[in-house]
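This is what each chain is made of:
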Amino acid sequence: LPRGGAPGMSGGFRDSFTKEDAKDDLLGYDDTAFYYFVITIFACVALPWTLSVVSSLLLPGQAGQQKEFPKKSGSGCTFHYCGTSAMVAKVDEARRRARRWTFSSSVVCVVKATLLVSIWIGILTTVRYLRTSGQKEINKFDPFELLDVSPEASGIQIKRAYRKLSLIYHPDKNPDDPLAASRFIQITKAYAALTDEVARRNWEKYGNPDGPQTTKVGIGLPRFLLEKDNSLHILCAFFLVIIVVIPVTFICYYNRTKNFAANGVLIETLQFLGYYINESSRTKMGPELLAACAESRCIPTRPTDNQQIQKLAGQVVEHKKRVFSLPAVMKNQYLIWAHMQRRHHAMSAELRLDCDELLGHSMKVTQAMIEIACMREWFATAQAMIEFRRCLVQALDVKSSQLLQIPHFTEEHLAPCVGDKSPVTTLEEFLALDAERRKKLLGKMSPSEQADVEAFCAHAGQVKLHAEICVEDEAEIVCGDVATVTVRLERTHLRADEAIGPVHAPWYPEPKFEEWWFFLVEEEDKKRIVHFERILDTGRCIEEHLRFQVTKPGKNALVLHALCDSYAGLDHCVELTFEAFAEDERKRELPVHEEDMELDLQPTLFQQWMGELSRADESEEEEEDGGDEGEQRRSPSNAKSPENRASPSGAGDKAARRSPSGGKADAHKDGDGDGEDSGGGEEDDEDEVASEGGEKASEEDDEDEEASEEDEEASEAHEEDEDEEASDGDEDDREDEAAGEAAGEEPGEACDPACAPAFDAAGGCEALQQNDMDTIHELMASAALRTCTGFGCDDDVLGRCFPAVAQGSCGECVEKFVEAGGCSAVEAATGDDEAMMD
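These remarks concern the structure in this document. (Residues numbered from 1 in each chain as written. Predicted model: local features only at pLDDT ≥ 70, side-chain atom pairs only at ≥ 80, totals over all residues. Heavy atoms only, no water.)

### Considerations on the packing of aromatic side chains
So, step 1. Enumeration according to the criterion identifies 16 aromatic pairs in this entry.
So, step 2. Aromatic side chains Phe272 and Phe324 sit 5.7 Å apart centroid to centroid with 50° between the ring planes, which places their arrangement in the tilted category. Separated by 52 residues along the polypeptide, Phe272 in helix H11 (residues 267-276) and Phe324 in the loop between helix H14 (305-313) and helix H15 (327-340) bring together distant segments of the chain. Here the two residues Phe272 and Phe324 agree in accessibility, since each one is buried. (Phe/Tyr/Trp six-rings, centres within 6.5 Å; stacked < 30°, edge-to-face > 60°. Helix = DSSP H or I, 4+ residues; strand = E, 2+ residues; numbered from the N terminus. Buried < 20%, exposed > 50% of the residue type's maximum accessible area, 1.4 Å probe, protein only.)

Next comes the structure, spelled out in structure tokens:
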């Protein structure tokens with residue numbers, strides 16, 4: 001939808017045809033971009049969908065085969081499939097079933113083809129519309145086209161066309177048609193572009209009568225949505241979609257999903273299992289729990305099921321007395337027992353389909369059984385539920401031999417294995433035999449059957465398990481630590497680029513991939529589960545970390561159990577023992593990196609914020625309480641003026657206490673009673689020179705050398721003045737002290753600048769630079785510097801002076817430190833190293 005502002009047009013035109021200056025004028029309603037947008041969206045859907053449909057027609061069932069029997073794992077490894085004849089036939093049957101056309105698949109195919117053809121018809125129709133309408137690109141502003149005149153038209157022809165079109169599209173004659181108002185604005189702009197010289201030059205140069213403008217292009221609505229005749233239909237469609245279609249879709253989706261938990265099991269099933277599973281639940285309870293769950297009870301029953309189940313019941317052995325007597329539960333229970341005892345030949349076709357549907361729900365339900373036992377820390381119950389899951393996958397009875405998992409093995413083939421000198425009773429022992437020994441035990445089998453056995457052994461293979469326990473980054477284990485058990489499981493019969501394929505399970509209707517469960521168990525505490533993990537990795541090497549908190553000091557013993565959910569007899573266990581020290585026996589020193597220590601010294605955001613607030617409060621207090629004091633600090637001559645020296649109390653007295661030099665001048669004035677002494681006058685003159693030099697340096701940065709020379713001259717004159725005052729001896733000190741008593745101040749309240757050489761000679765400057773607190777304490781306690789230890793200065797003065805002493809050199813810095821009251825502030829903090837450094 002191209003738009004353009006009108007800042008370049010005359011004020012009369014803008015006032016006549018716009019309501020607000022900020023509102024853009026329509027150059028024209030062009031819905032071409034909308035059709036391009038629709039074509040792009042539908043093409044993005046139609047192209048990949050078309051490729052998918054064509055590939056499914058050329059290679060029927062390929063998608064289903066790839067889903068059930070993939071060639072590559074998620075990590076890119078090639079799946080190693082079982083080569084037994086039963087599993088090969090199972091894969092071939094799945095492929096034929098996927099390629100077979102059924103009524104449901106035909107309906108789905110017809111619906112997909114209809115939608116796809118409709119989309120392509122819509123795309124081609126839109127393209128044809130754009131070609132026939134001549135709208136090959138987004139329209140530009142063309143005044144001749146808008147006025148329907150030729151470029152060679154005269155002014156009279158242009159004016160006649162403008163009047164004709166303005167009468168047709170005037171807004172007053174079309175109050176309910178927004179397109180008419182837009183068209184009228186276009187006509188007016190076109191007429192101005194052809195009659196007004198400024199507008200015509202703008203149009204010829206910039207393509208817009210208003211001058212250079214930014215064209216805005218949006219995905220406008222199609223034109224038919226704005227037509228008045230279609231407004232009712234559009235409103236009804238909008239109401240139908242917003243009020244009916246969307247809420248109904250959401251309600252239907254919610255009703256379908258509200259009854260399922262996150263693991264795909266019905267919530268009713270979870271409640272049922274949570275109530276009936278207890279610490280004494282064992283494998284023989286599994287068939288009845290599976291038969292009574294909500295998923296199993298949803299399987300429909302037929303009138304003929306009663307007679308068929310009675311025939312099947314005579315061939316099935318139940319190892320547990322039934323608890324539930326509902327007909328549906330009893331039927332499902334007989335089907336599960338018949339499957340575990342391999343009585344599939346006794347089932348009718350309908351019962352066989354019901355049994356396959358039961359087994360389809362069994363993996364999710366048994367996983368819920370295992371997880372319930374794990375959450376309650378019942379290892380024996382969890383182990384029993386895993387054994388029941390194996391029985392479902394391998395069609396084994398509760399008390400059947402593990403060797404019956406081997407292809408073509410029956411009760412007749414068990415006798416040679418058990419009756420041999422070295423009996424073979426478990427699957428792991430059979431897999432560990434060499435080929436010759438296995439061939440001797442399987443002498444009654446045909447060569448093809450023996451080949452199936454060898455293919456089974458090559459696929460099942462052997463597994464190695466290794467585990468170790470430690471506390472990461474620690475050499476010892478202490479109570480309260482989080483210990484880590486690193487478990488490594490290796491399938492030795494696979495290559496590095498291979499993954500284990502579906503297990504050998506000819507009686508199970510679906511492909512089943514191998515899963516492992518790791519349990520860390522405390523054997524002494526009724527086999528309580530400390531930690532567990534479910535492993536779905538099908539690669540050659542698996543590494544998993546089991547973490548738990550050490551709570552008991554002394555010797556601890558744990559057992560790691562690795563249980564396979566698909567084969568019976570491949571389980572492994574590793575005993576783990578470790579010594580845990582009590583917390584008071586081994587105190588941990590946590591190492592801190594240097595960079596982390598530096599970060600700890602940095603103030604936090606809250607501290608920075610509070611610091612800004614505190615500095616703001618201090619500045620406000622200083623402005624309120626120390627206005628005169630601030631003037632004294634900024635101008636030493638003001639601090640030594642007669643008005644300030646004559647101030648007996650209040651702010652002037654406080655300012656004098658904050659400035660030692662000013663306080664000393666006050667003492668001399670009050671003591672003598674007639675003016676100030678010559679030394680004070682010369683000092684004031686020198687301070688004024690230094691102040692004028694500092695102001696000149698701050699105002700003219702390019703004259704730093706002159707300012708520094710003036711500062712040096714001022715400091716040298718200041719030192720000479722201090723030497724003269726120091727030569728006066730104790731008499732001047734006593735006079736100053738008497739003057740201070742006469743002024744109502746305590747003796748020693750002001751600092752004596754004469755203490756600077758003594759402080760420096762005693763090593764005070766060097767101690768300040770090296771942060772030698774012991775030396776500073778001795779100097780503050782010495783009698784030679786007692787005259788420097790007044791209490792008239794506060795800590796904020798020291799805070800400004802001390803950095804200059806600590807970072808600079810001796811000499812002028814020390815003198816300024818003393819003048820500003822640093823000595824008294826140091827003595828006030830003597831004994832408190834932290835306060836003194838502050």
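### Remarks on helix H8 (residues 178-195)
So, step 1. Here H8 contains 18 residues, and its C-alpha end-to-end distance of 26 Å stays within 8% of the 26 Å for a straight helix at 1.5 Å per residue.
So, step 2. Counting buried residues in H8 gives 13 out of 18 residues, a clear majority hidden from the surface. (Expected span 1.5 Å × (residues − 1).)

### Thoughts on a negative patch on the surface
So, step 1. The grouping of Glu594, Glu595, Asp596, Glu598 and Asp600 at the surface amounts to a negative patch.
So, step 2. Examined against the element boundaries, Asp600 turns out to sit in helix H22 (residues 594-601). (Patch = residues over 30% accessible without salt bridge, like charges linked within 9 Å, V, L, I, M, F, W, Y side chains within 5 Å. Areas by Shrake-Rupley, 256 points an atom, 1.4 Å probe, with all protein chains shown as cover. Salt bridge = Lys/Arg side-chain N within 4 Å of Asp/Glu carboxyl O. Lys, Arg positive; Asp, Glu negative; His and termini not counted. Charge placed at Lys NZ, Arg CZ, Asp CG, Glu CD.)

### Focus on the sheet that holds strand S10 (residues 541-549)
So, step 1. Taken together, three strands build an open sheet; the order of strands is S4-S6-S10 and the sheet is antiparallel. Both outer strands of the open sheet, strand S4 (463-470) and S10, are each paired with one neighbouring strand and no more. Looking at each pair of strands side by side, their axes are set apart by 15° on average, direction ignored.
So, step 2. Note that strand S6 (residues 482-491) and S10 share nine bridges and pair antiparallel. From the neighbouring strand, Glu490 faces S10, where its bridge partner is Cys541. (Pairing = 2+ DSSP bridges. Axes fitted to C-alpha atoms, helices over the stretch in contact; angles between N-to-C directions.)

### Points about the pairing of strand S12 (residues 572-581)
Both faces of the sheet carry side chains from a regular strand, because those side chains alternate between them.
So, step 1. Side chains His572, Val574, Leu576, Phe578 and Ala580 of S12 all project onto a buried face; the interleaved residues Cys573, Glu575, Thr577, Glu579 and Phe581 project onto a face where none is buried.
So, step 2. Taken together, the two bridges between strand S5 (residues 477-478) and S12 define a ladder with parallel strand orientation. Its bridge partner lying in S12, Val478 is registered against Phe581.
So, step 3. With nine bridges connecting them, strand S11 (residues 554-564) and S12 associate as antiparallel partners. Looking at the pairing, Val559 lines up with Glu575 of S12.

### Considerations on the environment of Pro327
So, step 1. Following the sequence through the fold, Pro327 ends up in helix H15.
So, step 2. A relative accessible area of 67% means that Pro327 is categorised as exposed.
So, step 3. Residues Pro327 and Asp305, spaced 22 residues apart in sequence, show a C-alpha to C-alpha distance of 10.0 Å.

### Side note on the pattern of salt bridges
One side chain can pair with another of opposite charge once the charged atoms of both are near each other.
So, step 1. The final tally for this structure, using the stated rule, is 25 salt bridges.
So, step 2. The shortest N-O distance in the salt bridge between Glu498 and Arg495 comes to 2.9 Å.
So, step 3. Among the residues examined, Glu498 registers a relative accessible area of 8% and is labelled buried.
So, step 4. When salt bridges that share partners are traced, they join Arg389, Lys512, Glu515, Arg534 and Asp565 into one network.

### Some details on the nonpolar core
So, step 1. Formed by 99 residues in total, the largest nonpolar core has its most connected members in Phe430, Phe519 and Leu560.
So, step 2. Top contributing element to this core by residue count: helix H16 (residues 349-375), with twelve residues.
So, step 3. Ignoring anything within four residues of it in the chain, the contact list for Leu560 reads Leu465, Ala467, Val487, Phe518, Phe519, Leu520, Leu546, His572, Cys573, Val574 and Leu576. (Core = buried A, V, L, I, M, F, W, Y, C linked by side-chain atoms within 4.5 Å. Contact = heavy atoms within 4.5 Å.)

### Re unusual backbone geometry
So, step 1. Unlike most non-glycine residues, Ala395 shows phi in positive territory, near 55°.
So, step 2. Looking at the element boundaries, Ala395 is found in the loop between helix H17 (379-394) and helix H18 (411-418).
So, step 3. A relative accessible area of 2% places Ala395 in the buried class.
So, step 4. Notably, His408 is not glycine yet its phi reads approximately 65°, a positive angle.
So, step 5. Inspection of the secondary structure assignment puts His408 in the loop between H17 and H18.
So, step 6. Overall, His408 belongs to the partly exposed group, its relative accessible area being 34%.

### A short note on the sheet that holds strand S9 (residues 528-535)
Pairing between the strands of a sheet comes from backbone hydrogen bonds, and it takes one of two forms, parallel or antiparallel.
So, step 1. Pairing within the open sheet is mixed, and its five strands lie in the order S5-S12-S11-S8-S9. Only two strands of the sheet have a single neighbouring strand rather than two, namely S5 and S9.
So, step 2. Both strand S8 (residues 516-522) and S9 contribute to a ladder of seven bridges, which runs antiparallel. From the neighbouring strand, Trp517 faces S9, where its bridge partner is Arg534.

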